[in-house]
Amino acid sequence: MTSDPSASAVQKQPWKLAFVFCFLVLLCDGADIGILAFTLSSLKLEFALTNVQAGALGSWSLFGMAIGGFFGGWACDRFGRVRVIVLATGMFSILSGFSGLVQSYEQFVALRFIACLGLGSLYIATNTLMSEMVPTKHRTTVLAALMTGFTLGSLVITSVSAWIIPSYGWRTLYLLTFLPILLAVSMYFLVPEPQSWKDARALKLSGALDTLKKAENPYKAIMENPKHRIMFILWSMSSGLLLFGYFGVSNWLPSYLETELGIKFKEMALYMAGTYLTMMFAKVVAGFMADKIGRKIVFAFGTMGTALFIPILVYTHTPENIGWLMITFGFLYGIPYAINATYLTESFPTAIRGTAIGGAFNIGRLGSVIAPVAIGYMAMHNSIGAGLLLMAGAYFLCGLIPTLFIKEKQYDPQEAS
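Notes on the structure follow.

1. Here we look at the side chain of Thr 355
Here is step 1: Tracing the sequence through the fold places Thr 355 in helix H15 (residues 350-367).
Here is step 2: Residue classification places Thr 355 among the buried residues on the basis of a relative accessible area of 0%.
Here is step 3: Excluding anything up to four places from it in sequence, Thr 355 contacts Gly 73, Trp 74, Asp 77, Pro 218, Tyr 219 and Ile 222.

See the structure below:
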C-alpha cells in the first residue's frame, strides 16, 4: 500500500523531531541502566550484600527488562510506537526515583524490577519507530547515532556518579531519575506515529494484510510462517548471547576496575567515561560503514572483535596500558549495539515487527539474566576477570549466528507489509 504524496511529505519532517526525543529517551534509559553499576558498591555496603546478592540485582533488572520488552513489542504493534515510548518512560522515571527512598534490599529489588518493565520496552520501541521513519539509505547510520544516546547516558551517569555519590550518597542519584517524566509528557504531544504503522494498522483492521489474515495473535502468525519462525529463533539466540555478554560486562566492569585492579573510584569513573566516549564514536562509524558495506560484516567484526579482545584486557593490563586497553575495548564493544537494531528490524515485516523484535530480543534478554549472577558467583570462587572471559565466549557465538544464517535487508520498514 502506497501513501498519498501529502502523507509522504508530512512523513519526511517528523523523523528529525522523533530522533531528538528518542535520543533523549535512550540517554535516560542508558543512565538508568548504568546507575546500578555505579551504586552497586554502596548498595552492598548499606544492605550488607554478598557478591551473589549484588549480582542478583543485575539479574532482576534484566528479568524485568525482558518481560517489559516482550510485552512492549506487542504493545507497539497494537497501540503504536510513540504511545509505548511515552508510557515506558514515565513508568521507569517514577519507579526509579522512588528507589532512592527504599529501606531494605527487598524493597529495592521490587522497585527495580518494576521500573525495568518500562526500561525494557524502550530499546524496541525507539528503534522500531525510527526504522520506520528513516530511509533505507541512511537507516543504519541514523539508528547507530540514536544508540549513542544510550552510551551518552552511561557517560552522564558516570560523571554524575563521581560527583554525587562521594558527596551526597547513592540515594540522591536515584532521586534525579524523576526528571524524564517531563520528556514523556512532551513527546506525547509532539511526535506522531509513523505512516507505515498507520497503513499496516488500517490494512490489518480491514483484513487485507496477509501477515495477520489467518491469525489475530501476532506470535501465532510468526510461528505459522516458516521464514518468520526461523528468523525469530535465530535472533532470539543471537540476542541472548549479545545481552549475556553486554550486561554481564557492563554490570561488573566498574567493580572489576575498582576492586581487582585497585583503581580508585574517581579514576575508575574517568576510565569508564573514556570507554563510553569511544563507544559513541564507534557506533557512528559502525553505522556509516554498515550502510556502505553491509550490516552483517560490521556486526561480525564488532562481536567477534570484542570476544577476542576481552582476554587481552584481562591478562595483559598494567597500570601503564589500562587506559589504552579500555579505549580499544570501548571501540569494539560499541559496534554490535549500533548494528543490531537495524539488522533485526529489517528481518520482519511491519505488521509483526514490534512483536517479533520485542519477542526475539527479550527472549534473548531472559537468557542473559544469569550473566550478572554468573560473574558474581565466579567472583566469589575465582575472580571477576574469570567471569568476563565467559562473556567473551558469548560475544563470539552471538556474531557467528547472523554471519552464517541471517540475510540482511529482508524487509523495508517504511513499507506497510
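2. Describing unusual backbone geometry
Here is step 1: Phi at Ala 48 is positive, roughly 55 degrees, even though this residue is not glycine.
Here is step 2: Here Ala 48 shows up in the loop between helix H2 (14-47) and helix H3 (51-79).
Here is step 3: One non-glycine residue, Lys 409, adopts positive backbone phi at about 55 degrees.
Here is step 4: Along the polypeptide, Lys 409 turns up in the segment after helix H17 (384-405).
Here is step 5: Accessibility expressed as a relative area gives 45% for Lys 409, which makes it partly exposed.

3. Notes on the packing of aromatic side chains
Here is step 1: For the structure on display, the rule yields 27 aromatic pairs.
Here is step 2: Residues Phe 108 and Trp 170 carry aromatic rings whose centres are separated by 6.2 Å and whose planes lie at 75 degrees to one another, so their mutual orientation is edge-to-face. With Phe 108 in helix H5 (residues 105-131) and Trp 170 in helix H7 (residues 170-175), this pair connects stretches of sequence that are 62 residues apart. Each of the two residues, Phe 108 as well as Trp 170, counts as buried.
Here is step 3: With centroids separated by 4.4 Å and ring planes inclined at 25 degrees, the aromatic side chains of Tyr 246 and Tyr 337 adopt a geometry described as stacked. Within this pair, whereas Tyr 246 is found in helix H11 (residues 226-260), its partner Tyr 337 is found in helix H14 (residues 322-345), the two being separated by 91 residues in sequence.

4. Some words on the side chain of Arg 81
Here is step 1: The topology assignment puts Arg 81 in helix H4 (residues 81-98).
Here is step 2: Side chain to side chain, Arg 81 and Asp 77 meet in a polar contact 2.8 Å long.
Here is step 3: If near-sequence neighbours (up to four positions away) are discounted, Arg 81 is found in contact with Cys 76, Ala 125, Thr 128, Leu 129, Glu 132, Glu 193, Trp 197, Thr 350, Arg 353 and Gly 354.

Cut-offs and rules
- Residues numbered from 1 in each chain as written.
- Predicted model: local features only at pLDDT ≥ 70, side-chain atom pairs only at ≥ 80, totals over all residues.
- Heavy atoms only, no water.
- Helix = DSSP H or I, 4+ residues; strand = E, 2+ residues; numbered from the N terminus.
- Buried < 20%, exposed > 50% of the residue type's maximum accessible area, 1.4 Å probe, protein only.
- Contact = heavy atoms within 4.5 Å.
- Phe/Tyr/Trp six-rings, centres within 6.5 Å; stacked < 30°, edge-to-face > 60°.
- Polar contact = N/O pair within 3.5 Å; in protein donor to acceptor, adjacent residues only side chain to side chain.

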